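# Summary of the model geometry
Next come the chains, spelled out residue by residue.
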Amino acid sequence: TKDLAVACKTVSGAVSTRSEIPALEGIKLTAKDGKLELCGYDLEIGIITEIDAKADSTPDDNKIVLDAKMLSSIVNKMPGSETEIETGAKNVTEIRSGDAKFSLAGMSATEYPELPKIKDCKHVSIPQSTLKDMIYQTLFCVSQNDAKPIFTGILFEVNESRIRLVSVDGYRLA
């Protein structure tokens with residue numbers, strides 16, 4: 001239950017709060033290969049995490065989308081150390097732990113958009129504290145005005161020997 005609560009909190013950072021696509025306001029759960037994959041996505045940011053789980057499902061019925069706020073709230077209040085999630089007819093999902101039992105109306109995972117696949121990428125590894133410092137040192141120059149959307153982010157230039165972050169707000173450059 002604790003791992004599930006942490007996973008829900010993690011992927012909730014990428015869940016859309018208001019969307020024209022109702023599935024984006026949920027977390028997609030996928031049971032596969034002894035793992036439960038949780039996915040949050042708002043068409044800009046996507047977060048996927050996995051936790052260990054026992055799955056009794058076939059490949060056709062192992063996916064469901066549940067409302068992120070409701071799921072997180074329920075999982076945080078579960079009394080037991082293990083949580084069972086079972087999806088039945090019409091995507092009605094039961095969540096059980098200890099003496100607690102909840103039913104949620106789920107959505108078909110076919111309504112959930114696929115995250116983009118990254119092809120031909122180079123992997124770079126740097127300490128988290130270094131990346132955090134680099135972002136902090138350029139963040140003050142990120143524009144808060146949406147008039148020029150290109151100024152509302154940080155440019156990452158990556159090559160074999162260097163990572164450079166650049167931001168500009170129209171007046172300042174970092």
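The preceding data block contains the structure.
Structural notes, computed from the coordinates. (Residues numbered from 1 in each chain as written. Predicted model: local features only at pLDDT ≥ 70, side-chain atom pairs only at ≥ 80, totals over all residues. Heavy atoms only, no water.)

A tally of regular secondary structure across the protein chain gives 3 helices and 9 strands. Expected size for 174 residues packed as a compact globule is a radius of gyration near 16 Å; at 20 Å, the protein chain overshoots this value by more than 25%. Viewed in the frame of its principal axes, the protein chain has a C-alpha envelope of about 60 × 35 × 30 Å. For the protein chain, the residues scored as buried account for 30% of the 174 residues in total. For the protein chain, the centre of its 21 positive side-chain charges and the centre of its 26 negative side-chain charges are spaced 5 Å apart. (Helix = DSSP H or I, 4+ residues; strand = E, 2+ residues; numbered from the N terminus. Rg over C-alpha atoms; globule rule 2.2 N^0.38 Å. Buried < 20%, exposed > 50% of the residue type's maximum accessible area, 1.4 Å probe, protein only. Lys, Arg positive; Asp, Glu negative; His and termini not counted. Charge placed at Lys NZ, Arg CZ, Asp CG, Glu CD.)

With that settled, consider the packing of helix α1 (residues 2–12) against helix α2 (residues 68–76). In a pair of packed helices, the angle between the axes and the distance between the axes together describe the arrangement. Interaxial distance between α1 and α2 falls to 9 Å at its minimum, and their mutual angle equals 155°. In terms of axis orientation, α1 runs roughly antiparallel to α2. Both α1 and α2 take part in a crossing whose hand is left-handed. Residue-level contacts link Leu4, Ala5, Cys8 and Ser12 of α1 to Ala68, Leu71, Ser72, Val75 and Asn76 of α2. (Axes fitted to C-alpha atoms, helices over the stretch in contact; angles between N-to-C directions. Parallel < 35°, antiparallel > 145°, perpendicular 65-115°, else oblique. Left-handed = near helix turned anticlockwise from the far one by under 90°. Contact = heavy atoms within 4.5 Å.)

Note that Asn159 resides in the loop between β8 (155–158) and β9 (163–166). On the basis of relative accessibility, which here comes to 40%, the residue Asn159 falls in the partly exposed class. Measuring from C-alpha to C-alpha, the distance between Asn159 and Glu25 comes to 36 Å, with 134 residues separating the pair along the chain. Within the structure, Asn159 has its side chain in polar contact with the backbone nitrogen of Ser161 (distance 3.0 Å). (Polar contact = N/O pair within 3.5 Å; in protein donor to acceptor, adjacent residues only side chain to side chain.)

Our next topic: α2. Side chains that are three or four residues apart share a direction in an α-helix, a result of its 3.6 residues per turn. Those residues of α2 that sit buried are Ala68, Leu71, Ser72, Ile74 and Val75. All buried residues of α2 project into a common sector of 165° when viewed along the axis, lining one side. Relative to its buried face, α2 has exposed residues pointing more than 90 degrees away, namely Lys69 and Asn76. Against α1, β1 (26–32), β4 (63–67), β6 (92–97) and β7 (100–105) lie the buried residues of α2. Two or three places before Lys69, at the opening of α2, Asp67 has a side-chain oxygen 3.3 Å from that residue's backbone nitrogen. (Arc of directions from axis to C-beta.)

We now examine the sheet that holds strand β3 (residues 46–52). Reading across from one edge, β3-β2-β1-β4 is the order of the 4 strands in this open sheet, with antiparallel pairing throughout. Single-partner strands in this sheet number two, and they are β3 and β4. The sheet shows a mean angle of 25° between the axes of neighbouring strands, direction not considered. Relative to strand β2 (residues 35–41), β1 runs antiparallel, the two sharing 5 bridges. Its bridge partner being in β2, Ala31 is matched across the sheet by Leu36. Its contacts with the sheet put α2 on β1 and β4, and the angle it makes with β4 is roughly 85°. (Pairing = 2+ DSSP bridges.)

Turning next to the pattern of salt bridges. With the rule as written, the count across this model stands at 8 salt bridges. We note a salt bridge from Asp169 to Arg172, for which the minimum N-O separation is 2.7 Å. By relative accessible area, which is 40% here, Arg172 ends up partly exposed. Each of Glu84, Glu86, Glu94, Arg96 and Lys101 takes part in a single network of salt bridges with overlapping partners. (Salt bridge = Lys/Arg side-chain N within 4 Å of Asp/Glu carboxyl O.)

Taken together, the 4 bridges between strand β5 (residues 84–87) and β6 define a ladder with antiparallel strand orientation. Looking at β6, one finds that Glu86 is bridged to Glu94.

The analysis is restricted to geometry; functional conclusions fall outside its scope.
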